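# Structural characterization, general
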Amino acid sequence: EDQVTQSPEALRLQEGESSSLNCSYTVSGLRGLFWYRQDPGKGPEFLFTLYSAGEEKEKERLKATLTKKESFLHITAPKPEDSATYLCATEGNTPLVFGKGTRLSVIA
Amino acid sequence: GAGVSQSPSNKVTEKGKDVELRCDPISGHTALYWYRQSLGQGLEFLIYFQGNSAPDKSGLPSDRFSAERTGGSVSTLTIQRTQQEDSAVYLCASSLAGTGNNQPQHFGDGTRLSIL
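Heads up: these notes are all about the structure in this document. (Residues numbered from 1 in each chain as written. Chains lettered and ligands numbered in written order. Predicted model: local features only at pLDDT ≥ 70, side-chain atom pairs only at ≥ 80, totals over all residues. Heavy atoms only, no water.)

Moving on, we come to unusual backbone geometry. Cis geometry marks the peptide bond from Ser7 of chain A to Pro8 of chain A, where omega comes out at -10 degrees. Put simply, Ser7 of chain B and Pro8 of chain B share a cis peptide bond, and its omega is -10 degrees. Notably, Glu60 of chain A is not glycine yet its phi reads approximately 55 degrees, a positive angle. Relative to the helices and strands, Glu60 of chain A is located in the loop between β6 (56-59) and β7 (62-66). On the basis of relative accessibility, which here comes to 70%, the residue Glu60 of chain A falls in the exposed class. Unlike most non-glycine residues, Ala77 of chain A shows phi in positive territory, near 45 degrees. Mapped onto the elements of the fold, Ala77 of chain A is located in the loop between β8 (70-75) and β9 (84-91). (Helix = DSSP H or I, 4+ residues; strand = E, 2+ residues; numbered from the N terminus. Buried < 20%, exposed > 50% of the residue type's maximum accessible area, 1.4 Å probe, protein only.)

The structure is reproduced here in structure tokens:
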């Protein structure tokens, strides 16, 4: 059974304090790993797709990386507007399997 | 911009009533998905449509849940004889192509369903 585990569940950072979120997965035949951002009361917003180990994608203060067993979302010098829940999901031979997310709070 | 649209945004109903939730996908997206998100839980897959067909309905929790899609566009999720455990946010997503094609899914803002 495909599984996605995200850690930590919650993370509190000072503005400018860089950190990383982890997404560990076990998937049969990984076709893609997706990162989403979800704000309260909103649907998930697509950020990145990673397809193979070693791949990296960047967008503003966010960088996503992928290995054969996990993905990291690195946040560099975060700002309060980066506060959200970050979701990881994998696509294998079944529809997307989501982790429970990491709730990020960035304090000014 | 025309994103995924869901209605109603909120629905409060009494236990035992039937409810219909609507999803209008992004124009041109052939694949449509329904998920359920409960407090403290991850997104739970319910059903996937490719065009008007549902090749995967494995996530529907009981026979009280059904969904249809017409004209390759709008989809309706119906819950019959609602129970309190059905209370959750129901999210719809669409993508250009279906499962296995690495296309990102784009989500609506969901319907918050509360069963009294």
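Now, onward.
What follows covers the interface of chain B and chain A. Listed per partner, the contact involves 21 residues of chain B and 20 residues of chain A. Interface area, chain B with chain A, both sides summed: about 1,600 Å², of which 55% is carbon and sulfur. At the surface where chain B touches chain A, the tally comes to one salt bridge. Between Asp109 of chain B and Lys42 of chain A there is a salt bridge; the shortest N-O distance is 3.8 Å. Here chain B and chain A share four residue pairs in polar contact (both at pLDDT 80 or more) between them. (Contact = heavy atoms within 4.5 Å. Buried area = accessible area lost by both parts, 1.4 Å probe. Salt bridge = Lys/Arg side-chain N within 4 Å of Asp/Glu carboxyl O. Polar contact = N/O pair within 3.5 Å; in protein donor to acceptor, adjacent residues only side chain to side chain.)

Here we take up the pattern of salt bridges. Residue and element names in this part refer to chain B. Overall, the coordinates contain eight salt bridges over all chains when judged by the stated rule. Across the pair Glu44 and Arg36 runs a salt bridge whose closest N-O atoms are separated by 3.1 Å. The class of Glu44 is partly exposed, set by a relative accessible area of 31%. Where Asp86 meets Arg64, a salt bridge forms, and the shortest distance between an N and an O atom there is 2.8 Å. Highlighted residues: Asp86 in the loop between β8 (75-79) and β9 (88-95) and Arg64 in the loop between β6 (53-56) and β7 (65-69), separated in sequence by 22 residues. You'll find Asp86 and Arg64 in the same group, each marked buried.

Attention now moves to the sheet that holds β7 of chain B. Residue and element names in this part refer to chain B. In space, the four strands of this open sheet follow the order β1-β3-β8-β7, with antiparallel pairing throughout. Every other strand in the sheet has two partners, leaving β1 (5-7) and β7 as the edge strands with one partner each. This sheet shows a mean twist of 15 degrees between the axes of neighbouring strands, independent of strand direction. For β7 and β8, the ladder comprises five bridges, and the chain directions are antiparallel. Note on β8: the bridge partner recorded for Ala67 is Leu77. (Pairing = 2+ DSSP bridges. Axes fitted to C-alpha atoms, helices over the stretch in contact; angles between N-to-C directions.)

Here we take up the sheet that holds β8 of chain A. Residue and element names in this part refer to chain A. Within the open sheet, the five strands sit side by side as β1-β3-β8-β7-β6. Their pairing is antiparallel. Taken across any chain shown, the strands that pair with only one partner, and hence form the sheet edges, are β1 (3-7) and β6. The mean inter-strand angle of the sheet, taken between neighbouring strand axes irrespective of direction, is 15 degrees. With five bridges connecting them, β7 and β8 associate as antiparallel partners. Note on β8: the bridge partner recorded for Ala64 is Leu73.

Attention shifts here to the environment of Gln6 of chain A. Residues and elements named next belong to chain A. Inspection of the secondary structure puts Gln6 in strand β1. Gln6 sits 80 residues away from Tyr86 along the chain, and the two C-alpha atoms are 9.2 Å apart. Filtering out sequence-adjacent residues up to four positions away, Gln6 remains in contact with Asn22, Cys23, Trp35, Tyr86, Leu87, Cys88, Gly99, Lys100, Gly101 and Thr102. At 2.9 Å, the side chain of Gln6 and the backbone oxygen of Tyr86 are in polar contact. Within the structure, the side chain of Gln6 is placed 3.0 Å from the backbone nitrogen of Gly101, a separation counted as a polar contact.

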